[in-house]
Amino acid sequence: MIKPEQCERLTRKARKTLEEEYGLGAVADLVLDAGRWGIRLDISTTDEYRRTGNSRVGGDPDLPEGLDWPLTEDGVPMTFLAQLNMVDLSPYTPNDGRGTLPERGMLYFFIGRVNAAYPIEHRVIYEPSTLNLVKREPDGVTALGGEPTVAHAVTILPNLEVPTYAYIDVAALNEMYDASTTVAEDGGSIEGNLFDRYLEFESDWNHPSPLNWGGMFGYPERQQPDAEHQALSYIELGEEYNGSEHECMKKLTAHYGGDEELVWEELSDTLLLLKIDTHDAIGFQWLNRGELQFFIRGADLEAEQFDHTCCSIYSN
């Protein structure tokens, strides 16, 4: 779990950045209160497969001998994305009740073909033990095709992720601070629309390094704040989301026995298990430099039911 002193240090840094670099001190409380604690995933060195069981992104996985390579419905080997060792992640799991991961074991992520259609065929596999793992290669070309991805070791860091474009409360921002020009501490002016400056901060803060390839339990990239509606509709109803939050709410409310309050609780507890960015060094390309997103219900995560997940893609 993230240590309190790590939380305090990241919070102080975010507040200082908002105030001094972006002139957004007046809305710092709003932004930080909406922040989500999670896990930042960076690439480290290229993985030469000198050991098994380490956290890895790209390349080939280390699998138990008795585990079959996941296949698509058409019988094509799925493409391996990442393996995350829970021992590596456990020191950085959120301390705000979002995202309780197993303390040990390995979490594997595979996908089938990627296109604009939704949902994306995928598998998330949890193996409780990391003993007796063997590096495995797929039997033939995998679903994504193209050049093989490049294996990298993973650096894992605690993360405070601020709301993305679709999830920041713009009305509240403007209520707290409706001026488009402020005066900096040195007497100079900080030009620019408030929302534009916030988006610049969000981009720089949430994506601080070209080494960053993904994250867990933060905010998804979207045009509308409906990623959780899409995910819960698929996980609970087995239906594709048609873009209408209203229709989705009606169906989910009926599913939960007419209890709309319970639906909102379930939506708030639908978690971004993993997001994977387009990343040239690894070889990940999600349509137009988009983001691959895996969601899970909090109750399923706690029960270690990783077969109840949703995978979608966001791309401009």
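See the structure shown above.
Residues numbered from 1 in each chain as written. Predicted model: local features only at pLDDT ≥ 70, side-chain atom pairs only at ≥ 80, totals over all residues. Heavy atoms only, no water.

Undergrad: Is there a simple way to think about the overall build of the protein in this case?
TA: In terms of regular secondary structure, the protein is built from 9 helices and 14 strands. Considering only C-alpha atoms, the protein reaches an extent of 65 × 50 × 35 Å along its principal axes. For the protein, the proportion of its 316 residues judged to be buried stands at 53%. Of the contacts made within the protein by residues no fewer than 6 positions apart, 72% connect residues no fewer than 24 positions apart. Carbon and sulfur atoms provide 45% of the accessible area of the protein, an area that totals close to 15,000 Å². Computed over 24 positive and 56 negative side-chain charges, the inter-centroid distance for the protein is 6 Å. (Helix = DSSP H or I, 4+ residues; strand = E, 2+ residues; numbered from the N terminus. Buried < 20%, exposed > 50% of the residue type's maximum accessible area, 1.4 Å probe, protein only. Contact = heavy atoms within 4.5 Å. Areas by Shrake-Rupley, 256 points an atom, 1.4 Å probe, with all protein chains shown as cover. Lys, Arg positive; Asp, Glu negative; His and termini not counted. Charge placed at Lys NZ, Arg CZ, Asp CG, Glu CD.)

Undergrad: How should I be thinking about the sheet that holds strand 4 (residues 79–85) in this particular structure?
TA: Pairing between the strands of a sheet is mediated by backbone hydrogen bonds and can be parallel or antiparallel. Overall, antiparallel pairing links the 10 strands, which are arranged 6-5-4-2-8-1-11-12-13-14 in an open sheet. Each edge of the open sheet is held by one strand with a lone partner, namely strand 6 (122–127) and strand 14 (309–314). Inspection of the sheet shows strand 12 (residues 270–277) paired to strand 13 (residues 291–297) by 7 bridges, in the antiparallel sense. Within strand 13, the residue paired with Asp-277 across the bridge is Glu-291. (Pairing = 2+ DSSP bridges.)

Undergrad: Would you mind showing me how to read the pairing of strand 12 here?
TA: Regular strands place their side chains on alternate faces of the sheet. Of all 8 residues that make up strand 12, 8 are buried, and the element is covered over most of its length. The pairing of strand 11 (residues 212–216) with strand 12 spans 2 bridges and is antiparallel. Residue pairing in the sheet places Gly-215 in a bridge with Lys-275 of strand 12.

Undergrad: For this particular structure, what's the right way to read the packing of aromatic side chains?
TA: How two aromatic rings sit relative to each other is set out by the distance from centre to centre and by the angle between their planes. Considering all chains together, one arrives at 10 aromatic pairs under this definition. Geometrically, the ring pair formed by Tyr-126 and Phe-306 is tilted, given 5.6 Å between the ring centres and 45° between the ring planes. Linking Tyr-126 in strand 6 with Phe-306 in the loop between helix 9 (298–302) and strand 14, this pair joins segments that are 180 residues apart in sequence. Judged by relative accessible area, which is 3%, Phe-306 ranks as buried. Residues Tyr-165 and Phe-195 carry aromatic rings whose centres are separated by 5.8 Å and whose planes lie at 50° to one another, so their mutual orientation is tilted. Taken together, the residues span a long stretch of sequence, with Tyr-165 in the loop between strand 8 (152–161) and helix 4 (170–176) and Phe-195 in helix 5 (residues 194–206) at a distance of 30 residues. On the accessibility criterion, Tyr-165 (37% relative accessible area) is partly exposed. Assessed through its relative accessible area of 18%, Phe-195 is described here as buried. The structure contains a cluster of three or more aromatic residues connected by ring pairs, namely Tyr-22, Tyr-198, Phe-201 and Trp-205. If you follow Arg-36 out to its NZ or CZ, it ends over the ring of Tyr-219, 3.8 Å from the centre. Here the guanidinium or amino end of Lys-135 rests over the ring plane of Tyr-49, the centre of that ring lying 4.6 Å away. (Phe/Tyr/Trp six-rings, centres within 6.5 Å; stacked < 30°, edge-to-face > 60°. Lys NZ or Arg CZ within 6 Å of the ring centre and 35° of its normal.)

Undergrad: What should I look at first to understand the nonpolar core in this one?
TA: Counting residues in hydrophobic clusters, the biggest one holds 36 residues, and the most contacted among them are Trp-213, Met-216, Leu-273, Leu-292 and Phe-294. Top contributing element to this core by residue count: strand 12, with 4 residues. Excluding residues within four positions of it along the chain, Met-216 makes contact with Gly-38, Ile-39, Leu-41, Leu-84, Leu-89, Leu-101, Leu-272, Leu-273 and Leu-274. Grouped together as the second largest cluster of nonpolar side chains are 22 residues, Tyr-22, Leu-32, Tyr-198 and Trp-205 included. (Core = buried A, V, L, I, M, F, W, Y, C linked by side-chain atoms within 4.5 Å.)

Undergrad: Before we go on, may I ask you to explain the state of the cysteines in this structure?
TA: Should the sulfur atoms of two cysteines be covalently bonded, the bond is a disulfide. By the definition in use, this model includes 0 disulfides. Free cysteine: Cys-310, not disulfide-bonded; nearest cysteine sulfur from Cys-311 at 7.1 Å. Residue classification places Cys-310 among the buried residues on the basis of a relative accessible area of 0%. (Disulfide = S-S within 2.5 Å.)

Undergrad: Explain the environment of Ile-125 here, please?
TA: The topology assignment puts Ile-125 in strand 6. Residues Ile-125 and Tyr-108, spaced 17 residues apart in sequence, show a C-alpha to C-alpha distance of 5.0 Å. Excluding anything up to four places from it in sequence, Ile-125 contacts Leu-67, Pro-70, Met-106, Leu-107, Tyr-108 and Phe-110.

Undergrad: What am I meant to see in the side chain of Ser-233 here?
TA: Within the secondary structure, Ser-233 is located in helix 6 (residues 227–237). Excluding residues that lie within four positions of it along the chain, Ser-233 makes contacts with Gly-238, Glu-239, Glu-240, Cys-248 and Leu-252.

Undergrad: How do you make sense of the packing of helix 7 (residues 245–255) against helix 8 (residues 260–268) when you look at a structure like this?
TA: How two helices sit against one another is set out by the angle between their axes and by the gap between those axes. The contact between helix 7 and helix 8 brings their axes to 8 Å, and the two run at 110°. The angle between the axes of helix 7 and helix 8 places the two elements in the roughly perpendicular class. Listed contacts from helix 8 to Met-249, Leu-252 and Thr-253 of helix 7 are Glu-260, Val-263, Trp-264 and Leu-267. Classifying every residue of the contact of helix 7 with helix 8 by side-chain character gives 5 nonpolar, 1 polar and 1 charged. (Axes fitted to C-alpha atoms, helices over the stretch in contact; angles between N-to-C directions. Parallel < 35°, antiparallel > 145°, perpendicular 65-115°, else oblique. Nonpolar A, V, L, I, M, F, W, Y, C, P; charged D, E, K, R; others polar.)

Undergrad: Please explain the environment of Arg-98 as it appears in this structure.
TA: Among the structural elements, Arg-98 can be located in the loop between helix 3 (86–89) and strand 5 (106–111). Take Arg-98: its relative accessible area is 14%, and that puts it in the buried class. Through-space distance from the C-alpha of Arg-98 to that of Leu-271 is 7.5 Å; in sequence the pair is 173 residues apart. Excluding its chain neighbours within four sequence positions, the residues that come into contact with Arg-98 are Arg-36, Phe-217, Ser-268, Thr-270 and Leu-271.

Undergrad: So what exactly am I meant to see when it comes to unusual backbone geometry here?
TA: Note: most residues except glycine have negative phi, and most peptide bonds are trans. Even without a glycine there, the phi angle at Phe-217 is positive, about 75°. Of note, Phe-217 is situated in the loop between strand 11 and helix 6.

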